[in-house]
Amino acid sequence: AQTVTQSQPEMSVQEAETVTLSCTYDTSENNYYLFWYKQPPSRQMILVIRQEAYKQQNATENRFSVNFQKAAKSFSLKISDSQLGDTAMYFCAFMKPWYSGGGADGLTFGKGTHLIIQP
Amino acid sequence: EPEVTQTPSHQVTQMGQEVILRCVPISNHLYFYWYRQILGQKVEFLVSFYNNEISEKSEIFDDQFSVERPDGSNFTLKIRSTKLEDSAMYFCASSGVAYLAKNIQYFGAGTRLSVL
């Protein structure tokens, strides 16, 4: 079974600063997918960024980027030029590849990091 | 932009009652999921559904839970006899059929279930 660990329950930074959220995972799979989801106070889960384990290049989406270290099983999220609207819970999630699950695979989530952007 | 729609946003029920939570997935998606988030805890996978049958389920998804796709658009989660510990936020998600698209799950806004 896979596990996902987010060791920072809460973080607080000033607006416009850069912040990094950490995530580690454990799996015996060689190929898999990693995700960061954002959950604002509205509670809707919103996909922030996705990384495929067989790709060495780190994924980026505008101000969001990841540092994927496969050997260390680490998947951190960096938010540059943070904005007030980035205030939310951030969840790291793992998914086995579709071909190893044989069907539709559920995501395994970490406990989340509550990120607060201060004005 | 297409989105997953869940109704109701908040459901209050008495312990022992049956509840049905409803979801309308994104129209061209074929994989459907339910997740649960107890207040203050992490999101937990319950079940996935494909081709009109359960594809995978977690240990949480016991006999009191069932899922159904009663028509071409709705996807429901039924809890037969609710318990206090079923109080949680329930999220529906869907993903597409293409190889890459299948690996992105889009979530609804959730239904908050309160069991009294």
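Placed above this text is the structure.
Just so you know, these numbers come straight off a predicted model, no measurement behind them.

1. A closer look at the environment of Q2 of chain A
Here Q2 of chain A is to be found in the segment before β1 (3-5). C-alpha of Q2 of chain A to C-alpha of T20 of chain A: the two residues are 18 residues apart in sequence and 23 Å apart in space.

2. A word on the sheet that holds strand β3 (residues 19-24) of chain B
What holds strands together in a sheet is hydrogen bonding between their backbones, with the strands either parallel or antiparallel. All names here are of chain B. Spatially, four strands are ordered β1-β3-β8-β7 in an open sheet, and the strand pairing comes out antiparallel. Each of the sheet's edge strands pairs with one partner strand only, and the pair in question is β1 (5-7) and β7 (65-68). This sheet shows a mean twist of 20° between the axes of neighbouring strands, independent of strand direction. Sheet topology note: the β7/strand β8 (residues 75-79) ladder contains four bridges and is antiparallel. If you follow S66 over to β8, its bridge partner there is K78.

3. As for the pairing of β3 of chain B
All names here are of chain B. Going residue by residue along β3, you find V19, L21 and C23 tucked away on one face and I20, R22 and V24 left uncovered on the opposite face. Here β1 runs beside β3; their pairing, made up of three bridges, is antiparallel. Across the sheet, the residue bridging to T5 is V24, located in β3. Sheet analysis places β3 next to β8, joined by five bridges and oriented antiparallel.

4. Quick word on the interface of chain B and chain A
Across the boundary between the two partners, chain B contributes 23 residues, which contact 23 residues of chain A. Viewed at the interface, chain A and chain B are joined by zero salt bridges. There are five residue pairs in polar contact (both at pLDDT 80 or more) connecting chain B and chain A. Of all elements in the fold, only β4 (31-37), β5 (44-50), β6 (53-57) and β9 (88-95) of chain B reach the threshold of two or more residues within the side of chain B that touches chain A. Residue contributions to the side of chain B that touches chain A peak at four residues, all from β4 of chain B. Taken together, the residues of the side of chain B that touches chain A break down into 13 nonpolar, six polar and four charged.

5. With respect to the side chain of Q105 of chain B
For Q105 of chain B, the position within the fold is in the loop between β9 and β10 (106-107). Exposure remark for Q105 of chain B: the relative accessible area of 1% places this residue in the buried category. Separated by 2.6 Å, the side chains of Q105 of chain B and Y35 of chain B make a polar contact. With sequence-adjacent residues up to four places away left out, Q105 of chain B is seen in contact with Y37, M95, D105, G106 and L107 of chain A together with Y33, Y35, A93, S94 and S95 of chain B.

6. With respect to the state of the cysteines
All told, the structure shown has two disulfides over all chains when counted by the stated rule. C23 of chain A shares a disulfide with C92 of chain A; S-S distance 2.0 Å. Measuring handedness by torsion sign, the sulfur bridge of C23 of chain A and C92 of chain A sits at about -70° and is left-handed. Of this pair, C23 of chain A sits in the loop between β3 (19-21) and β4 (24-26) while C92 of chain A sits in strand β10 (residues 88-95), placing them 69 residues apart in sequence. In terms of burial, C23 of chain A and C92 of chain A fall into one category: buried. The residue that forms a disulfide with C23 of chain B is C92 of chain B, at a sulfur-sulfur distance of 1.9 Å.

7. Focus on the pairing of β10 of chain A
All names here are of chain A. Along β10, seven of the eight residues are buried, which leaves the element largely enclosed by surrounding structure. Sheet topology note: the strand β5 (residues 33-39)/β10 ladder contains seven bridges and is antiparallel. What sits directly across from Y37, in β10, is F91. For β10 and strand β11 (residues 108-109), the ladder comprises two bridges, and the chain directions are antiparallel. Among the inter-strand pairings, F94 is bridged to a residue of β11, identified as T108.

8. Considerations on the layout of surface pockets
Its volume calculated, the largest pocket comes out at about 430 Å³. Forming the walls of the largest pocket are 21 residues, and the residues nearest its centre are L107 and T108 of chain A together with F45, S58 and E59 of chain B. When residues of the lining of the largest pocket are traced back to their parent elements, those giving at least two are β1, β10 and β11 of chain A together with β5 and β6 of chain B. A breakdown of the residues in the lining of the largest pocket according to their chemical character gives nine nonpolar, five polar and seven charged.

Cut-offs and rules
- Residues numbered from 1 in each chain as written.
- Chains lettered and ligands numbered in written order.
- Predicted model: local features only at pLDDT ≥ 70, side-chain atom pairs only at ≥ 80, totals over all residues.
- Heavy atoms only, no water.
- Helix = DSSP H or I, 4+ residues; strand = E, 2+ residues; numbered from the N terminus.
- Pairing = 2+ DSSP bridges.
- Axes fitted to C-alpha atoms, helices over the stretch in contact; angles between N-to-C directions.
- Buried < 20%, exposed > 50% of the residue type's maximum accessible area, 1.4 Å probe, protein only.
- Contact = heavy atoms within 4.5 Å.
- Salt bridge = Lys/Arg side-chain N within 4 Å of Asp/Glu carboxyl O.
- Polar contact = N/O pair within 3.5 Å; in protein donor to acceptor, adjacent residues only side chain to side chain.
- Nonpolar A, V, L, I, M, F, W, Y, C, P; charged D, E, K, R; others polar.
- Disulfide = S-S within 2.5 Å.
- 1 Å grid on protein atoms, 1.4 Å probe; cavity = no way out; pocket = protein on both sides within 12 Å on 5 of 7 lines; lining within 4 Å.
- Points joined across faces, edges and corners; volume = space filled by probe spheres on them.

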